[in-house]
Amino acid sequence: AEMIGRNLFDVVSGDEVAAVYREIHEAVATGRRPYVAFEYRCDAPDTLRRMRMSVGPLRMPGRPLSLLYQSQVLSAVPRPWMSLFEPGRIIESLRVESEIPIVRLCSFCHQVTSEAGPGEAAVWSEPEDYYRGGGSPDVRVSHGVCPPCAASLALS
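Residues numbered from 1 in each chain as written. Predicted model: local features only at pLDDT ≥ 70, side-chain atom pairs only at ≥ 80, totals over all residues. Heavy atoms only, no water.

Trainee: Break down the overall build of the protein chain for me, with residues and values.
Mentor: Tallying secondary structure elements over the protein chain gives 4 helices and 6 strands in all. Starting at the N terminus, the α and β elements of the protein chain follow one another as α-β-β-β-α-β-β-α-β-α. Carbon together with sulfur atoms contributes 55% to the accessible area of the protein chain, which is approximately 9500 Å² in total. (Helix = DSSP H or I, 4+ residues; strand = E, 2+ residues; numbered from the N terminus. Areas by Shrake-Rupley, 256 points an atom, 1.4 Å probe, with all protein chains shown as cover.)

Here it is in structure tokens:
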């Protein structure tokens, strides 16, 4: 109910993520692609979920073209709690200016990377590996798109 009537791009987090969804919309709306489908992760703090998204045209007589988003759960596996996926923490971290480090989360595969220093390339890893490597649970979460997902979602 919170989303009905709202612009999708008002709630998409991250410029890179918004650009990917705009490209998907353009490809489907112009007929360049009959639909776009991709797999992604939609984790909860204690559950690793793999999903499949399909975006296609929705044509109704007398109405402008709409796009239909459909998601399917491919798998849901319990796992130890990860604060990176705690919705309240993510929302609050976006509101607070802080010295807490920023961790970028790929909006599609959920790999994470810490901000790279000048001249350093970002290293993306699975969230489980981030924690195994001593990653802090006290971070601000920013959303982006990792290079492999950007390449696989390229629609040009």
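Trainee: Got a sec to walk through the sheet that holds strand β1 (residues 36-41)? Specific residues and values, please.
Mentor: Pairing is antiparallel in the open sheet, where 3 strands are placed in the order β1-β2-β3. Each end of this open sheet is capped by a strand with a single partner; those strands are β1 and β3 (66-78). Strand-to-strand twist in this sheet, taken as the mean axis angle between neighbours without regard to direction, amounts to 15°. Inspection of the sheet shows strand β2 (residues 47-58) paired to β3 by 12 bridges, in the antiparallel sense. Within the sheet, the bridge partner assigned to V55 lies in β3 and is Y69. (Pairing = 2+ DSSP bridges. Axes fitted to C-alpha atoms, helices over the stretch in contact; angles between N-to-C directions.)

Trainee: Lay out the sheet that holds strand β4 (residues 102-106) in plain terms, naming residues and giving numbers.
Mentor: The mixed open sheet is built from 3 strands, whose spatial order is β5-β4-β6. The open sheet has two edge strands, β5 (112-114) and β6 (140-144), and neither has a second partner. Across this sheet, the average inter-strand angle for adjacent strands is 30°, counted without regard to direction. Direction of pairing for β4 relative to β5: antiparallel, over a ladder of 3 bridges. Bridging across to β5, R104 finds its partner in T113.

Trainee: Help me get a handle on the environment of R104, residues and values and all.
Mentor: Mapping R104 onto the fold places it in strand β4. Spatially, the C-alpha atoms of R104 and A122 are 9.8 Å apart, while their sequence positions differ by 18 residues.

Distances and angles like these do not, on their own, reveal function.
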